[in-house]
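# A structural walkthrough
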Amino acid sequence: GGALMIYIEEMHEGDDVPAEHEGHEVENLGTLIDGDAPTTDGMPVNTVTAEDVARYVAEKAAAATRAEARQASEAAKARGNAAFGAKRFGEALEAYSEAIELDGSNALCFGNRSATLLAMGNAGAARADAAMMVSLAPALPKAHFRLGAACEKLGDYASAAEHYSEVLRLDPLSFAAEDATRRAMVGLKAGASNPTAARLLQKCSAVLSAAKSAAAPKTASAAPATKRSIEWVRVDTRREEKRPAARGGATLTAVAGGLWLGG
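Residues numbered from 1 in each chain as written. Predicted model: local features only at pLDDT ≥ 70, side-chain atom pairs only at ≥ 80, totals over all residues. Heavy atoms only, no water.

## Describing the packing of helix H6 (residues 157-170) against helix H8 (residues 195-215)
Test applied: Axes here refer to lines fitted to C-alpha atoms; in helices the fit is confined to the stretch in contact. Angles between the N-to-C directions go from 0 to 180 degrees. A helix here means a DSSP run of H or I that spans at least four residues, while a strand means a run of E at least two residues long, and both kinds are numbered starting from the N terminus. Oblique is the label for every angle not falling under 35 degrees (roughly parallel), over 145 degrees (roughly antiparallel), or within 65 to 115 degrees (roughly perpendicular). For a crossing to be left-handed, the near helix must be turned anticlockwise from the far one by less than a right angle; the clockwise case is right-handed. Any two residues whose heavy atoms approach within 4.5 Å at even a single point are treated as in contact. Each residue gets one label: Ala, Val, Leu, Ile, Met, Phe, Trp, Tyr, Cys and Pro are nonpolar, Asp, Glu, Lys and Arg are charged, and the others, such as Gly, are polar.
Look at H6 against H8: their axes get within 10 Å of each other, and the N-to-C directions meet at 25°. On the basis of the axis angle, H6 is roughly parallel to H8. In terms of crossing hand, the pair formed by H6 and H8 is left-handed. Counted together, Ala-158, Ala-161, Glu-162, Ser-165, Leu-168 and Arg-169 of H6 and Leu-200, Lys-203, Cys-204, Val-207, Leu-208 and Ala-211 of H8 form the full contact between these two elements. Considering only residue class, the contact of H6 with H8 consists of 8 nonpolar, 1 polar and 3 charged.

## With respect to helix H3 (residues 107-119)
Filter applied, for reference: In this scheme, a helix's expected span is set at 1.5 Å multiplied by one less than its residue total. Per-residue accessibility, obtained with a 1.4 Å probe over protein chains only, is compared with the maximum for each type, and a residue is labelled buried under 20%, exposed over 50%, and partly exposed between these values. We define a polar contact as two N or O atoms separated by no more than 3.5 Å, with the added condition that, inside protein, one atom must be a possible hydrogen donor and the other a possible acceptor, whereas residues neighbouring each other in sequence contribute only through side-chain atom pairs.
For H3, which comprises 13 residues, the first-to-last C-alpha distance of 19 Å matches the rise-based estimate of 18 Å (1.5 Å per residue) to within 8%. For H3, the tally of buried residues reaches 10 of 13 residues, placing the bulk of the element in the interior. Considered for burial, the residues of H3 that qualify are Ala-107, Cys-109, Phe-110, Gly-111, Asn-112, Arg-113, Ser-114, Ala-115, Thr-116 and Leu-117. Tucked into the core, H3 has its buried residues touching helix H1 (50-85), helix H2 (89-102), helix H4 (123-136) and helix H5 (141-153). Where H3 begins, the side chain of Asn-106 points an oxygen toward the backbone nitrogen of Leu-108, at a separation of 3.1 Å. Looking one or two places after H3, you find Gly-121, whose phi comes out positive at around 90°.

## Structural notes on the packing of aromatic side chains
Filter applied, for reference: Note on ring pairs: Phe, Tyr and Trp rings are taken, using the six-membered ring of Trp, and paired if centres are within 6.5 Å. Classes follow the plane angle, with under 30 degrees stacked, over 60 edge-to-face and the rest tilted.
Under the counting rule described, the total for this entry stands at 2 aromatic pairs. Both rings, one in Phe-84 and one in Phe-89, keep their centres 5.4 Å apart while their planes meet at 65°; by these two values the pair is edge-to-face. Looking at Phe-84, the relative accessible area reads 30%, which means it is partly exposed. Its relative accessible area of 22% is what places Phe-89 among the partly exposed residues.

## Some remarks on unusual backbone geometry
The phi angle at Lys-87 is positive, at roughly 65°, despite the residue not being glycine. Taking the relative accessible area as the measure of exposure, Lys-87 reaches 63% and is therefore exposed.

## With respect to a negative patch on the surface
Worth spelling out the cut-off: By definition, no residue in a patch forms a salt bridge, and every one has over 30% relative accessible area; like charges are joined within 9 Å, nonpolar side chains (Val, Leu, Ile, Met, Phe, Trp, Tyr) within 5 Å. Here the open area of atoms and residues is found with the Shrake-Rupley method and a 1.4 Å probe, where only the protein chains shown may cover a residue. Put simply, a salt bridge is a Lys or Arg side-chain nitrogen that is within 4 Å of an Asp or Glu carboxyl oxygen. In this tally, Asp and Glu contribute negative charge and Lys and Arg positive charge; neither His nor the terminal groups of the chain are included. All charge positions are set by atom: Lys at NZ, Arg at CZ, Asp at CG, Glu at CD.
Taken together, the side chains of Glu-9, Glu-10, Asp-15 and Asp-16 make up a negatively charged region of the molecular surface. With respect to the helices and strands, the residue Glu-10 is situated in the segment before strand E1 (20-21).

## Examining the packing of helix H7 (residues 175-190) against H8
Running from N to C, H7 and H8 point in directions that differ by 160°, and their axes come no closer than 11 Å. Relative to H8, the element H7 lies roughly antiparallel. Crossing of H7 over H8 shows left-handed handedness. Here H7 contributes Glu-178, Thr-181, Arg-182, Met-185, Leu-188 and Lys-189 to the contact with H8, which in turn contributes Ala-197, Leu-200, Leu-201, Cys-204, Ser-205 and Leu-208. When grouped by side-chain class, the residues that make up the contact of H7 with H8 number 7 nonpolar, 2 polar and 3 charged.

## Some thoughts on the environment of Glu-162
In this fold, Glu-162 is placed in helix H6. Glu-162 gets classed as partly exposed once you look at its relative accessible area, which sits at 33%. In the structure, Glu-162 is positioned 22 residues away from Ala-184 in sequence and 8.8 Å away in space, judged by C-alpha atoms. Beyond its immediate sequence surroundings of up to four residues, Glu-162 is in contact with Leu-200 and Lys-203.

And the structure:
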């Protein structure tokens, strides 16, 4: 239960390993340094330089700064969301831009600014922000939906169909993505006919079919109904203490000179 003390003592060839230190029995844990280099079978030696300390302090300060920036970015995003909901798109655009400047790794900020730019009629800038959202969060369905919407607005139905169908692949139950994919397919069919468009239409049809299967109700084979067994208890009415307590849903029947309780 006492404290563990470690002593380091300089030893030379021929010296005896001390069995005690200042009257206390000690255990030899091993050699730290043999010659000019640390030993491979002894205790490891770790050194900390002034540069190491400075680097640690700098990294810790940088981590704290990043955390503060992320917090401020979330606050700016929240202001943007409130402004967007009130259709104050200019205010929302400013707030989302501030959030991105504070934390450029937040995919949702790019997506929200993309939606704002699209609402303001700037589909080109909306597409750039949505593409950044996809690069930051490629597995997020909303990212592909944002990019599909911007591409559709620009009349790029091939790219729109590509990203809308990706939304359906990631989230087969998205009815909005299903409708958007069908719209993009209509625009794609109306455009120039080429092998690339044909392959994309085939891909979209396959994704739509898979989404339809995923949305179909699952019909499991009905399990055979199990008949509930009724427990009957014979009650001797001549003995007061044998009367059962009241039971909800029970039926009391007089049969063959006795009372029978079923429930």
